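Geometric and topological summary
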Amino acid sequence: MGVSLAGKVAVVTGAGRGIGAATARLFAAEGARVVLASRTASELEATASAIAATGAVRPLVVPTDLADEAAIVDLIRRTLDQWGDLHLLVNNAGTFRGGLVEEVSAEAWDAVMAVNVRGTFLASRAALRAFRTLGHGGAIVNVSSLGGLRGTPKFPGFAAYSTSKFAVVGLTECLAAEASSLGVRVNCVAPGAVDTQMFREAAPPSLRTETTPEDVARTIRFLCDDGESGAITGAVLEIHSNL
Amino acid sequence: MAFRDRTVLVTGAAGNLGRAVARAFAARGAALVLLDQRREALTTVFGAEDDRCLFAPADLLDPASTRAAVEAAIRRFGRVDVLANLAGGFRMGEAVHETTDDTWRFLFDVNVRTLLNAVQAVVPHMIARGGGKVVNVGAFSAQRGLAAMGAYCAAKSAVIRLTEAMAAELREKGINVNCVLPTTLDTPENRAAMPDADPGRWVALDDLAQAIVFLASPAAHAVHGAALPVTGLG
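Computed from a predicted structure; not experimentally measured. (Residues numbered from 1 in each chain as written. Chains lettered and ligands numbered in written order. Predicted model: local features only at pLDDT ≥ 70, side-chain atom pairs only at ≥ 80, totals over all residues.)

A few points about the overall build of chain A
What counts here: By definition, any uninterrupted DSSP run of H or I lasting at least four residues is a helix, any uninterrupted run of E lasting at least two residues is a strand, and each is numbered from the N terminus. As defined in this context, the radius of gyration uses C-alpha atoms, and a globule is described by 2.2 Å times the residue total to the power 0.38. Counting other C-beta atoms within 10 Å of its own, a residue is labelled buried from 20 upward, exposed at 12 or fewer, and partly exposed in the gap between, with every C-beta atom placed from the backbone. The contact criterion used is a C-beta to C-beta distance within 7 Å, with each C-beta placed from the backbone.
Secondary structure assignment for chain A yields 8 helices and 7 strands. Its C-alpha atoms give chain A a radius of gyration of 17 Å, near enough to 18 Å, the size a compact globule of 243 residues would have. Buried positions account for 53% of the 243 residues belonging to chain A. Considering only contacts within chain A whose residues lie at least 6 apart along the sequence, 70% involve residues at least 24 apart.

Let's talk about unusual backbone geometry
Positioned with a positive phi, B:Ala148 is a non-glycine residue whose angle comes to about 65°. Residue classification places B:Ala148 among the partly exposed positions, given that 13 C-beta atoms sit within 10 Å.

Points about the packing of helix H3 (residues 63–77) of chain B against helix H4 (residues 101–129) of chain B
Residues and elements named next belong to chain B. Put simply, the rule is: With axes taken as lines fitted to C-alpha atoms, and helix axes fitted only over the stretch in contact, angles between N-to-C directions fall between 0 and 180 degrees. By definition, any crossing whose near helix is turned counterclockwise from its far helix by less than a right angle is left-handed, and any crossing with a clockwise turn is right-handed. Side-chain classes are defined by residue name, with Ala, Val, Leu, Ile, Met, Phe, Trp, Tyr, Cys and Pro counting as nonpolar, Asp, Glu, Lys and Arg as charged, and the others, Gly among them, as polar.
One can describe the packing of H3 onto H4 by two numbers: an axis separation of 8 Å at closest approach and a directional angle of 35°. As for the relative orientation of H3 and H4, their crossing is right-handed in sense. Residues Pro63, Thr66, Arg67, Val70 and Ile74 of H3 lie in contact with H4, whose contacting residues are Asn117, Ala118, Gln120, Ala121, Val122 and His125. Considered class by class, the residues forming the contact of H3 with H4 number 6 nonpolar, 4 polar and 1 charged.

A closer look at the interface of chain A and chain B
Contacts between chain A and chain B engage 21 residues on the former and 21 residues on the latter. If you list the elements that add at least two residues to the side of chain A that touches chain B, you get helix H7 (213–224), helix H8 (226–229) and strand E7 (236–239) of chain A. Residue composition of the side of chain A that touches chain B, by class: 7 nonpolar, 9 polar and 5 charged.

Description of the confidence of the model for chain B
Predicted coordinates in regions of low pLDDT should not be interpreted in detail. What counts, and what does not: pLDDT gives the predictor's per-residue confidence on a scale running from 0 to 100.
When pLDDT is averaged along chain B, the result is 96, and 100% of the positions lie at 70 or above. Interface confidence in the predicted complex, given as ipTM, is 0.76; pTM for the same model is 0.87.

Okay, here's the thing in structure tokens:
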């Protein structure tokens, strides 16, 4: 490990906190030129400043609503305007709305699908178009969840989130099949409980997970490094916590 | 040199994948214990032993022989940090209802029993040390049963399920257990057997070795029970 991401242009969504921020920090520390996208500009600025303070290249901050098609097109356009290139896309932005199927609102359901699935699709589409124009390949890493896999425990109240994460796996496999001729690898990580704000808000307070955002970031990094995972596409890398 | 202080035990070391995996770990500083049936095969592939490379001929179908090899590794290096269960084999062609006893026994012996004997010999040491990594080799094709490959899919499925079971058992003991699921490997034997196929669509041995090294590395310390497809881009 070490220098394989140096100079690579990486767009990370949901980069204001949690797994996205940890991924951005890890990539920037290796010399990647990072673009931070999420809805909350203040969080993005804080992440960017913290990265710049380490001496790494200051990330480009692009506040983006991942439910907004035009904003996502703009995100990739501004990446190309700033850095002139694109190599990596980490579709980490995700939203969680709990609620039993009998009770959850259509609005909440749609909101989860809009960011977790449609947002991943829109960003991937924009990235693939960019890769084609740029004339080289790259890598996309999506973020699913153990709750998006068959055979894992399913918890009441998680249907919208889990369903969206199943869709992320399906999208990953389809993208991998379509994009291989472009030289683009597409994989996803499927973490369980990770110590993030999203988890703390979704889970009972007594539940503590030892898996850190940095643990997930390192796995994402592996899937972005052609030298390490160059033969891997369409894969789901599960990350189990102590829970 | 992520494996500078690590000892890696490779089964099936004299095989095509074994050579690539041993090389990959050695390049990252690991001490190697190379386990295969015949010392001559190890000598042919690896030349001579040295202070960082121990040959450990053993019959992986014989628990006592396997244990003796692991004990030799412990005596030399004091530890086994990584167990790479590469020993395995492939046969296809028989429908399930025509599968011979010989085929069934062969596939389960070389793919599953070798794994069981190896982990029985190695895992207690890892538990005592408080950590370790086990990487197994499943098969991409074993994720669903396939015609004329029922027995093979069943044997490699057993590897995947045992990987998951071991991960659940050993996670809290600091031991990561994962497996890779390769498609067809680019080996001289496969090229000879399938001369009309395009080896560019197969998986290069070095690429599979990289995935195995990753699963054994500190970067994967949060990864448990994973079955990682390695399919190449073809």
